[in-house]
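# Report on the structure
Each chain, letter by letter, is given below.
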Amino acid sequence: MDLISIVGNIATVCTVLSGLSGLPICLEYIRKGSTLNSSVLPFLAGMICTNLWLQYSVILNDSMLLTVNLITTLLQTMYVLCYFIITSNKKTTLQMFGIAIIFLFFTYIYGFHVIGKNAAINTIGFMAAFSSIAASATPLANVSQILQTKSSESLPFPIIFSTFVVTTLWFIYGMLVEDSFIQIPNIIGAILSGFQLSLIVLYPSTKAIKKE
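A brief look at the structure comes next. (Residues numbered from 1 in each chain as written. Predicted model: local features only at pLDDT ≥ 70, side-chain atom pairs only at ≥ 80, totals over all residues. Heavy atoms only, no water.)

### So, the overall build of the protein chain
- Within the protein chain, the regular secondary structure consists of 10 helices and 0 strands.
- For the protein chain, the succession of helices and strands along the chain, N to C, is α-α-α-α-α-α-α-α-α-α.
- A compact globule built from 212 residues would reach a C-alpha radius of gyration of about 17 Å, and the protein chain, at 18 Å, matches this within 12%.
- C-alpha atoms of the protein chain, sized along the principal axes, occupy 55 × 45 × 30 Å.
- The proportion of buried residues among the 212 residues of the protein chain is 40%.
- Accessible surface for the protein chain amounts to roughly 11700 Å². Of this, 70% is attributable to carbon and sulfur atoms. (Helix = DSSP H or I, 4+ residues; strand = E, 2+ residues; numbered from the N terminus. Rg over C-alpha atoms; globule rule 2.2 N^0.38 Å. Buried < 20%, exposed > 50% of the residue type's maximum accessible area, 1.4 Å probe, protein only. Areas by Shrake-Rupley, 256 points an atom, 1.4 Å probe, with all protein chains shown as cover.)

### Structural notes on the pattern of salt bridges
- This model, assessed by the stated rule, comprises 2 salt bridges.
- Residue Arg 31 pairs with Glu 28 through a salt bridge whose shortest N-O separation is 2.9 Å. Residue Arg 31 and its partner Glu 28 are both found in helix H2 (residues 22–32); the two are separated by 3 residues, about one turn of the helix.
- Glu 28 is the partner of Lys 32 in a salt bridge, and the nearest nitrogen-oxygen pair spans 3.3 Å. Of the two residues, Lys 32 and Glu 28 are both situated in helix H2; the distance of 4 residues between them amounts to about one turn of the helix.
- The class of Lys 32 is partly exposed, set by a relative accessible area of 46%.
- Beyond isolated ion pairs, a larger network of salt bridges with shared partners links Glu 28, Arg 31 and Lys 32. (Salt bridge = Lys/Arg side-chain N within 4 Å of Asp/Glu carboxyl O.)

### Thoughts on the environment of Thr 15
- The topology assignment puts Thr 15 in helix H1 (residues 3–19).
- Taking the relative accessible area as the measure of exposure, Thr 15 reaches 15% and is therefore buried.
- With 56 residues separating them along the chain, Thr 15 and Ile 71 place their C-alpha atoms 9.6 Å apart.
- Ignoring any residue separated from it by four or fewer positions in sequence, one finds Thr 15 in contact with Val 68, Thr 72, Val 166 and Trp 170.
- A polar contact is formed between the side chain of Thr 15 and the side chain of Trp 170, at a distance of 2.7 Å. (Contact = heavy atoms within 4.5 Å. Polar contact = N/O pair within 3.5 Å; in protein donor to acceptor, adjacent residues only side chain to side chain.)

### Things to note about helix H3 (residues 41–60)
- Taking 1.5 Å per residue, 20 residues should reach 28 Å; H3 reaches 28 Å between its end C-alpha atoms and fits that length.
- With respect to burial, H3 is a largely interior element, 14 of its 20 residues being buried.
- Of the residues trailing H3, Asn 61 is marked for its positive phi of about 60 degrees. (Expected span 1.5 Å × (residues − 1).)

Here it is in structure tokens:
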């Protein structure tokens, strides 16, 4: 087994484990019979992001990327469907889900049936990379609050740490296969999640301080 396969397999396992983070949330929804006033947007964003990477991996014919993104797309779609079944706000959720499906359908048609392979690699690759960067940057919305309160309570450490590990591994994979669409969003994701981890170290959660 060569280095690319080793790194790719490790990254795949870590990504799937990270993708399972939505499972406890859905189990909590099921247990309480409510979505607890939470939003479906994180699950929808995850579904769109993984689906774009799935399309990109199909265009590239990269079996490593195809495997991991097929699994994570199925997971994210399952989370969205679980949310839809339990939420009382089904109309809005269905509308948002419909918009996401239409968007993904048009990216598929455009990438696979309108433009050539090279153009599709650039177009779908750019959209997938952008969606990954946006997902990694989402927790940064809490930075001002953290600096004001001097507490990182609003930052989900397990998710941020897993993001750091996964993005670092995929960056290494991108370097090995010489794919800038894999390299750039993952090095940015690693830097952003690393910055968030530094905030957790500098400003420990007030809950953690009270426990001590």
